[in-house]
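Summary of structural features
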Amino acid sequence: TMAHSKALLVLENFIGGKFVPCSSYVDSYNPSTGDVYCRVPDSGKEEVETAVKAAKDAFPIWSSKSPLERSQILNKLADLIEHDLEAFAQAESKDQGKTITFARTVDIPRAVHNFRFFASSILHHVTECTEMPTMGCVHYTSRAPVGVAGLISPWNLPLYLLTWKIAPAIACGNTVVAKPSEMTSVTAWMMCKLLEKAGVPPGVVNVVFGTGAKAGEALVCHPDVPLISFTGSTLTAQRITEKSAPHCKRLSLELGGKNPAIIFDDADLSQCIPTTVRSSFANQGEICLCTSRIFVQRGIYSEFLKRFVAEAKKWKTGNPSDPTVSVGALISKEHLEKVRNYVKKAQAEGARILCGEGVDPLALPPGNQKGYFMLPTVIAEVKDESCCMQEEIFGPVTCVVAFDTEEEVIKRANSVKYGLAATVWSGNVGRVHRVAHRLQSGLVWTNCWLVRDLNLPFGGMKASGVGREGAKDSYEFFTEVKTITIKH
Ligand code: NAD
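- An unreviewed UniProt entry lists the protein under the name 2-aminomuconic semialdehyde dehydrogenase, from Orthonyx spaldingii.
- The heading Function (unreviewed entry) in the UniProt record of the protein holds the text "Catalyzes the NAD-dependent oxidation of 2-aminomuconic semialdehyde of the kynurenine metabolic pathway in L-tryptophan degradation."
- Taken directly from UniProt, the Catalytic activity (unreviewed entry) text for the protein runs: "2-aminomuconate 6-semialdehyde + NAD(+) + H2O = (2Z,4E)-2-aminomuconate + NADH + 2 H(+)".

In structure tokens:
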């Protein structure tokens, strides 16, 4: 349209090793200015069809390479992304609204690490073998890549989460068709430019850009894509499950959370408070693992609140490229409205807003006046039944409530539909173990947050997902196992 200046960045699909233009595009916004700055292909069935064909054609050669050959290519790709780390970080910050500091220290280093990690782990798997001497038999298992993997990723950690899927999928010998979020497609497109140089053969990694309803659904419904790895919302996962059911597809679903922090009166608050501020507000609260319900034992409740709010107020909100800023812009105008509405609802229900939205002034630099910013917001005296305590808000909003006993807090922490991540703070090792065992949560961090060993399973219970990802788990998901019996 006329409003689009010539300087717009225009992305192209990457299919069969080539960039190909699309016949129509969707706008992508810079969340910190509110300007359209990029056009993303609005792909549909046709583009997905071409990409799946390219991936199918590349499968025989790629799947017959040795793990070592694939490993070397993944390592090369990791080096190339790392070489351009600053450019990737700048692009991720501009596209997503996150701070440049977060993109530089978390998103892009992790994307690099994802490739290195699976380049290494693919070399270390062993299969099973059992013997049956009385029958004269040995049994063993063998694993083979499945085929064309469909990978669908969200907007909050764009390259980080996409590469967490691409790396294990291709390390195992699959070829892929990936669809990043239409709101954050730029870094995936930048990565495509490095594939040839890394030695990834044409057709092994194809990226089709576009919306979930069009491009995403075409991928989910494609009969030649036997597995879908999806990270995103629970609602979309339900739709994907329905749409893929006629084909009996293998699904890995990493979904939303409503993560509790449980803080006992013997917790080390000097560690707990800054970490819980970080677990609540890192990346604007737009991480599936972010804390959004804080249960504090009654004896320390008022002291905790006072210190927690003081710490939250230290987090500066503003221009994401300012290195002193900790809270950048939210992903979109619609999302900002949705998050703000939760705060309004809490207020209407009689909860107290202790800092942030509607309470403190938000001063933004001139260039960011139309950006989608919101201050870190702390809500107290909110009921467990409130939507703010039940639904995923996915923004810089956290609720703090008091509890009395261990038994009570476990029950309350488990009383939501989600079960992704929890944190427990206590100096009592016995209590920490007891509580961790009883929480309905795929991950429990005690006296810390977001310390990850990629070897171990990652994923959620209940509405937070189906399946796990990790060294062994991703290997199992992206390969098909066969049991072979040999009689001698
Ligand atoms: P979303 O579900 O709206 O979109 C995720 C992806 O799915 C996007 O690429 C989107 O285009 C695509 N999509 C949408 N509709 C589709 C359809 N009908 N068929 C196929 N694809 C479709 O999620 P989002 O808003 O981008 O991301 C935020 C959500 O992701 C939050 O709920 C968050 O908790 C969750 N998340 C989970 C994890 C995890 O590991 N568990 C990690 C990050 C984010």
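Quick look at the site of the ligand
- Inspection of the region around the ligand gives 30 residues, with Ser-153, Ser-233, Thr-236, Leu-255 and Glu-392 positioned closest.
- One of the backbone N or O atoms of Leu-255 is found 2.8 Å from a nitrogen atom in the ligand.
- Side-chain polar atom of Glu-392 to an oxygen atom of the ligand: 2.5 Å apart, as the coordinates give it.
- With the chains in place, 89% of the 850 Å² that the ligand exposes on its own is no longer accessible.

What to know about the nonpolar core
- Core analysis: the biggest nonpolar cluster contains 61 residues, and Ile-81, Phe-115 and Val-205 have the highest contact counts within it.
- Residues contacting Ile-81, with those up to four places away along its chain left out, are Phe-88, Ile-108, Val-112, Phe-115, Met-191 and Leu-194.

Thoughts on the layout of surface pockets
- Approximately 1000 Å³ is the volume found for the largest pocket.
- What lines the largest pocket is a set of 40 residues, among which Trp-155, Phe-230, Gly-232, Ser-233 and Thr-236 lie closest to the centre.
- With 6 residues, helix H8 (residues 234–244) is the largest single contributor of residues to the lining of the largest pocket.
- Put simply, the second largest pocket is a space of about 260 Å³.
- Residue lining of the second largest pocket: 14 residues in total, with Asp-27, Tyr-29, Met-183, Ser-332 and Glu-334 positioned closest to the centre.
- Where the lining of the second largest pocket is concerned, the elements lending two or more residues are strand S4 (25–30) and helix H11 (333–348).
- Broken down by element, the residue count for the lining of the second largest pocket peaks at 4 residues, all from S4.

Regarding the packing of aromatic side chains
- Evaluation of the coordinates by the stated rule reveals 9 aromatic pairs.
- With centroids separated by 6.5 Å and ring planes inclined at 70 degrees, the aromatic side chains of Phe-19 and Trp-189 adopt a geometry described as edge-to-face. Linking Phe-19 in strand S3 (residues 18–20) with Trp-189 in helix H6 (residues 186–198), this pair joins segments that are 170 residues apart in sequence.
- On the accessibility criterion, Trp-189 (13% relative accessible area) is buried.
- Geometrically, the ring pair formed by Trp-155 and Phe-394 is edge-to-face, given 5.4 Å between the ring centres and 70 degrees between the ring planes.

Looking at empty space enclosed by the protein
- All chains considered together, the criterion is met by 4 cavities of 30 Å³ or more.
- Of the volumes computed, that of the largest cavity is approximately 170 Å³.
- Put simply, the parts of the chain that give the lining of the largest cavity at least two residues each are helix H4 (100–121) and helix H5 (158–171).
- The residue inventory of the lining of the largest cavity, partitioned by class, reads 13 nonpolar, 1 polar and 4 charged.
- Both of domain 1 (9–256 + 464–487) and domain 2 (260–446) provide at least three residues apiece to the lining of the largest cavity.

As for the side chain of Thr-317
- Tracing the backbone through its elements, the reader meets Thr-317 in the loop between helix H10 (301–313) and H11.
- The contacts of Thr-317, once residues within four sequence positions are left out, are Val-325, Val-327, Gly-328, Leu-362, Ala-363, Phe-373, Met-374, Leu-375 and Pro-376.

Procedures and definitions
- Starting afresh in each chain, residues are numbered from 1 along the sequence in its written order.
- Owing to the predicted nature of the model, reporting of local features is limited to residues with pLDDT of at least 70; listing and counting of side-chain atom pairs is limited to 80 or more, with chain, interface and lining totals taken over all residues.
- In computing side-chain properties, one takes all heavy atoms of the structure into account and sets aside hydrogens as well as water.
- UniProt positions are given in the numbering used here, feature names are shortened, and annotations may be inferred rather than shown by experiment.
- Residues are counted as near a molecule or strand when any one of their heavy atoms sits within 4 Å of it.
- Polar contacts, as used here, are pairs of N or O atoms within 3.5 Å; protein pairs need one atom able to donate a hydrogen and one able to accept it. Residues neighboring in sequence count only if both atoms are side-chain atoms.
- Note on areas: these come from Shrake-Rupley sampling with a 1.4 Å probe, and a residue is covered only by the protein chains present in the view.
- In this text, buried Ala, Val, Leu, Ile, Met, Phe, Trp, Tyr and Cys residues form a nonpolar core when linked through side-chain atoms within 4.5 Å.
- Remark: exposure states derive from per-residue accessible area (1.4 Å probe, protein chains only) relative to the maximum for the residue type, with buried under 20%, exposed over 50%, and partly exposed in between.
- Residue contacts are defined here by distance: any two heavy atoms, one from each residue, within 4.5 Å place the two residues in contact.
- In this analysis the probe radius is 1.4 Å and the grid spacing 1 Å, with only protein atoms considered; a cavity is a set of points the probe fits into but cannot get out of, a pocket is an open set with protein on both sides within 12 Å along at least five of seven lines, and lining residues have an atom within 4 Å of a point.
- Grid points are joined across faces, edges and corners, and a volume is the space filled by probe spheres set on the points.
- Elements are defined by DSSP. Helices are runs of H or I of four residues or more, strands are runs of E of two residues or more, and each kind is numbered from the N terminus.
- Aromatic pairing here means that ring centres of Phe, Tyr or Trp (its six-membered ring) are within 6.5 Å. Orientation follows from the plane angle: under 30 degrees is stacked, over 60 is edge-to-face, and everything else is tilted.
- Under this grouping Gly is polar, as are all residues other than the nonpolar Ala, Val, Leu, Ile, Met, Phe, Trp, Tyr, Cys and Pro and the charged Asp, Glu, Lys and Arg.
- Residue ranges assigned to each domain were obtained from an automatic or database domain assignment.

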